[in-house]
Amino acid sequence: MTIHVKNNVHWVGQRDWEIQEFHGTEFKMTKGTSYNSYLIREEKTVLIDTVDHRFSYQFLQNLEMEIDLNTIDYIVINHAEEDHAGALAALLERIPNTPIYCTEAAIDSIVGHHHHPEWNFNTVKTGDSLDIGNGKQLVFVESPMLHWPDSMMTYLTGDAILFSNDAFGQHYCDEHLFNDEVDQAELMEQCLRYYSNILTPFSNLVIAKIKEVLSFNLPVDMIATSHGIVWRDNPVQIIEKYLQWADDYQEDRITIFYDSMSNNTRMMADAIAQGIHDVDPGVAVKVFNVARQDKNEILAQVFRSKGILVGSSTMNNVMMPKVAGMLEEITGLRFKQKKAGAFGSYGWNGGAVDRIHSRLTDAGFETVAGLKSKWRPDGKAMRICRAHGQQVAKQWALHELNVPPMIIEDADVQPLSVAVPVAKTAVATQEAHGDDCQCMICTVCNWVYDPAIGEPNQGVEPGTTWSDVPDYFLCPDCNLGKDVFVAHNR
Ligand code: FEO
């Protein structure tokens with residue numbers, strides 16, 4: 001099946017209504033997905049991306065109903081991940097010498113996955129173009145880490161279509177192809193879920209890349225993503241959304257998540273949420289049990305929040321494993337400008353709250369004192385939890401509050417808040433990278449360039465200031481250039 005996109009461009013992709021998990025089991029899909037491949041027929045015939053390897057047979061069958069495969073002049077691979085380049089092996093078995101246009105990093109990934117170094121690879125860089133006849137060209141724009149180091153976008157002149165691959169996409173399946181044809185609330189929910197769970201760590205790169213693309217002053221009539229819909233109605237809307245989301249996005253929202261062995265930590269969560277609402281009815285509060293609810297929805301809510309409260313029962317003097325796993329994900333997503341606090345019920349020691357507090361601090365959250373409650377919270381303890389919620393709401397308020405008399409002012413109740421010391425690692429980091437620190441940190445992988453040490457493996461001697469580090473320098477861990485580094489102490 002094909003769908004007409006514009007002029008001589010057709011969608012030749014694959015819908016996947018039944019998929020539920022992506023990246024192993026890490027990303028739960030609630031609305032399926034699609035693998036969008038596009039066929040351009042000008043004087044030259046070009047295939048942009050393929051589909052997931054599980055659909056290779058179906059993909060070729062569909063394509064052959066539309067064209068003779070031997071008429072394909074060029075294949076453009078915007079991204080080597082198997083959901084886009086997966087059908088390459090089956091396709092190139094049929095048309096083995098067809099030129100493939102991709103980034104240098106993509107060759108490494110494609111060969112690594114398919115083990116065919118003999119394929120006819122043609123490396124492209126930002127600004128390179130390919131003439132496809134009828135006065136039209138394909139212009140390539142590298143977009144590293146959106147979503148892998150190899151990623152790029154391809155722009156079709158004349159039709160003004162940007163084939164953006166993962167960027168601006170969403171895991172969303174619908175029989176309609178265009179953004180103006182589908183349920184708008186569903187669409188934007190899936191866009192945000194995709195951005196928050198996958199692209200958040202690369203927000204600095206998102207802003208830089210969008211500014212770079214805009215600086216070319218190219219008209220954009222459509223953005224043809226590689227997952228979900230094609231943006232044809234006001235495509236700028238998703239660019240504007242990305243700029244908003246990449247800029248340390250937050251709403252007046254607090255997310256509470258926890259795991260609870262005996263329902264006691266859950267009781268605390270409910271009372272804290274009530275306390276927040278007492279003081280600031282305008283703030284949105286959402287409460288989740290990480291053991292029972294959709295992890296990716298919780299992460300999307302964290303992305304939208306100004307602050308989070310994380311609870312766990314203490315088990316063997318540590319937090320419950322699902323909370324630990326969630327904190328590991330949150331650390332990797334590198335949220336910025338958010339606040340956080342820990343809470344939890346315990347029996348004979350309360351190590352979970354201390355550990356959560358440390359982990360949140362290390363992950364870059366501005367932390368408030370934690371709250372512990374021994375055994376099952378009784379009436380007084382529940383009032384203290386509610387008072388803790390009120391304190392947090394006041395402390396995190398984004399606007400003036402008209403605060404009524406509160407439980408917190410009850411003379412009989414002393415909040416159980418525990419002033420948990422800031423983690424030693426965080427203190428050490430702050431001392432090592434104080435105001436006069438000259439270190440630079442990679443915003444993608446957190447590798448730190450210390451001028452005192454330099455990077456001898458790339459010929460950068462100890463004592464070399466960042467401004468003197470040559471432009472060819474690459475981050476030793478993620479291979480990206482100087483432009484993804486920022487001052488460590490900023
Ligand atoms: Fe849709 Fe990064 O693959």
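Note that this is a predicted model, so its numbers are computed, not measured.

Reading guide: rules and limits
- Residues numbered from 1 in each chain as written.
- Predicted model: local features only at pLDDT ≥ 70, side-chain atom pairs only at ≥ 80, totals over all residues.
- Heavy atoms only, no water.
- Domains from an automatic or database assignment.
- Contact = heavy atoms within 4.5 Å.
- Buried area = accessible area lost by both parts, 1.4 Å probe.
- Salt bridge = Lys/Arg side-chain N within 4 Å of Asp/Glu carboxyl O.
- Polar contact = N/O pair within 3.5 Å; in protein donor to acceptor, adjacent residues only side chain to side chain.
- Nonpolar A, V, L, I, M, F, W, Y, C, P; charged D, E, K, R; others polar.
- Helix = DSSP H or I, 4+ residues; strand = E, 2+ residues; numbered from the N terminus.
- Buried < 20%, exposed > 50% of the residue type's maximum accessible area, 1.4 Å probe, protein only.
- Phe/Tyr/Trp six-rings, centres within 6.5 Å; stacked < 30°, edge-to-face > 60°.
- Lys NZ or Arg CZ within 6 Å of the ring centre and 35° of its normal.
- 1 Å grid on protein atoms, 1.4 Å probe; cavity = no way out; pocket = protein on both sides within 12 Å on 5 of 7 lines; lining within 4 Å.
- Points joined across faces, edges and corners; volume = space filled by probe spheres on them.
- Core = buried A, V, L, I, M, F, W, Y, C linked by side-chain atoms within 4.5 Å.
- Pairing = 2+ DSSP bridges.
- UniProt positions renumbered as here; feature names shortened; annotations may be inferred.

1. Brief notes about the domain arrangement of the protein chain
- Splitting the protein chain by domain gives domain 1 (3–247), domain 2 (251–396) and domain 3 (440–487).
- Each of domain 1 and domain 3 has a C-alpha centre, and the two are 31 Å apart.
- On the side of domain 3, 5 residues touch domain 1, which itself brings 6 residues to the contact.
- Here domain 1 and domain 3 share an interface that buries about 440 Å² over both sides, 73% of which is from carbon and sulfur atoms.
- For domain 1, the biggest contributors to the area lost against domain 3 are M145, N204 and L205; these three give 62% of the whole.
- Applying the counting rule to domain 1 against domain 3 returns 0 salt bridges.
- Between the two partners, domain 1 and domain 3, sit 0 residue pairs in polar contact (both at pLDDT 80 or more).
- A class-by-class count of the residues in the side of domain 1 that touches domain 3 yields 5 nonpolar, 1 polar and no charged.

2. So, unusual backbone geometry
- Residue F168 is not a glycine yet carries a positive backbone phi of 70°.
- You can see F168 is positioned in the loop between β15 (161–165) and α5 (184–199).
- Of note, Q337 is a non-glycine position whose phi angle comes to about 60°, a positive value.
- Structurally, Q337 is set in the loop between α10 (321–333) and β21 (339–346).
- On the basis of relative accessible area, Q337 is assigned to the exposed category, the value being 56%.

3. Details of the packing of aromatic side chains
- Evaluation of the coordinates by the stated rule reveals 20 aromatic pairs.
- Seen in terms of ring centroids, Y35 and F55 are 5.8 Å apart; in terms of plane orientation they differ by 35°. Their pairing is tilted. Within this pair, whereas Y35 is found in strand β6 (residues 33–35), its partner F55 is found in the loop between β8 (45–48) and α1 (56–66), the two being separated by 20 residues in sequence. A single burial state applies to Y35 and to F55, both of which are buried.
- Considering the side-chain rings of Y449 and W466, the 5.3 Å spacing of their centres and the 55° angle between planes classify their relative orientation as tilted. Pair noted here: Y449 is in strand β26 (residues 448–449) and W466 is in the loop between β26 and β27 (485–487), with a separation of 17 residues, a long-range link.
- R15 extends its terminal NZ or CZ atom over the ring of W11, reaching a point 5.1 Å from the ring centre.
- When the ring centre of F178 is taken as origin, the NZ or CZ atom of R232, which lies over that ring, is 4.0 Å away.

4. Thoughts on the layout of surface pockets
- Put simply, the second largest pocket is a space of about 660 Å³.
- Lining the second largest pocket are 23 residues, and of these E142, P144, N479, L480 and G481 sit closest to its centre.
- Breaking the lining of the second largest pocket down by element, the ones donating at least two residues are α4 (104–114) and α6 (203–215).
- When residues of the lining of the second largest pocket are assigned to their parent elements, the largest contribution, 4 residues, is made by α6.
- By residue class, the composition of the lining of the second largest pocket is 11 nonpolar, 6 polar and 6 charged.
- Counting residues domain by domain, the lining of the second largest pocket receives three or more from each of domain 1 (3–247) and domain 3 (440–487).

5. Description of the nonpolar core
- The biggest cluster of nonpolar side chains holds 103 residues, and the ones touching the most others in it are F168, Y242, F257 and F485.
- For this core, the element with the highest residue contribution is α5, accounting for 7 residues.
- Membership of the second largest hydrophobic core comes to 25 residues, among which are Y101, F178, M222 and A224.

6. Focus on the sheet that holds β26
- The antiparallel open sheet is built from 3 strands, whose spatial order is β26-β25-β27. Each end of this open sheet is capped by a strand with a single partner; those strands are β26 and β27.
- Of the pairings in the sheet, the one linking strand β25 (residues 440–442) to β26 comprises 2 bridges and is antiparallel in character. Residue M440 lies in a different strand from β26, and its bridge partner there is Y449.

7. Some remarks on the UniProt feature "binding site: Fe cation 1" (unreviewed entry) in the protein chain
- The sites that carry the UniProt feature "binding site: Fe cation 1" (unreviewed entry) are, in the present numbering, H79, E81, H147 and D166. Sequence-wise these annotated residues cover 88 residues; spatially they are packed, their C-alpha atoms never more than 10.1 Å apart.
- Inspection of the secondary structure assignment puts H79 in the loop between β9 (74–76) and α2 (82–85).
- With residues up to four places along the chain from it excluded, the contact list for H79 reads D49, H84, A85, H147, W148, D150, S151, N165 and D166.
- Secondary-structure assignment places E81 in the loop between β9 and α2.
- Overall, the relative accessible area of 8% leaves E81 in the buried class.
- If near-sequence neighbours (up to four positions away) are discounted, E81 is found in contact with H23, G86, H147, W148 and D166.

8. Examining the UniProt feature "binding site: Fe cation 3" (unreviewed entry) in the protein chain
- As annotated by UniProt and renumbered to match this structure, "binding site: Fe cation 3" (unreviewed entry) occupies C442, C445, C475 and C478. The largest pairwise C-alpha distance within this set of annotated residues, which runs over 37 residues, is 8.8 Å, so the set is compact in three dimensions. Lining residues of the second largest pocket, restricted to the annotated ones just named, are C478.
- Tracing the chain through its elements places C445 in the loop between β25 and β26.
- Relative to the assigned elements, C475 resides in the loop between β26 and β27.

9. Focus: the pairing of strand β14 (residues 152–156)
- For β14, the tally of buried residues reaches 5 of 5 residues, placing the bulk of the element in the interior.
- Burial of β14 is two-sided: the residues M152, T154 and L156 facing one way and the residues M153 and Y155 facing the other way are all buried.
- Both strand β13 (residues 136–142) and β14 contribute to a ladder of 5 bridges, which runs antiparallel. Pairing of F140 across the sheet is with T154, part of β14.

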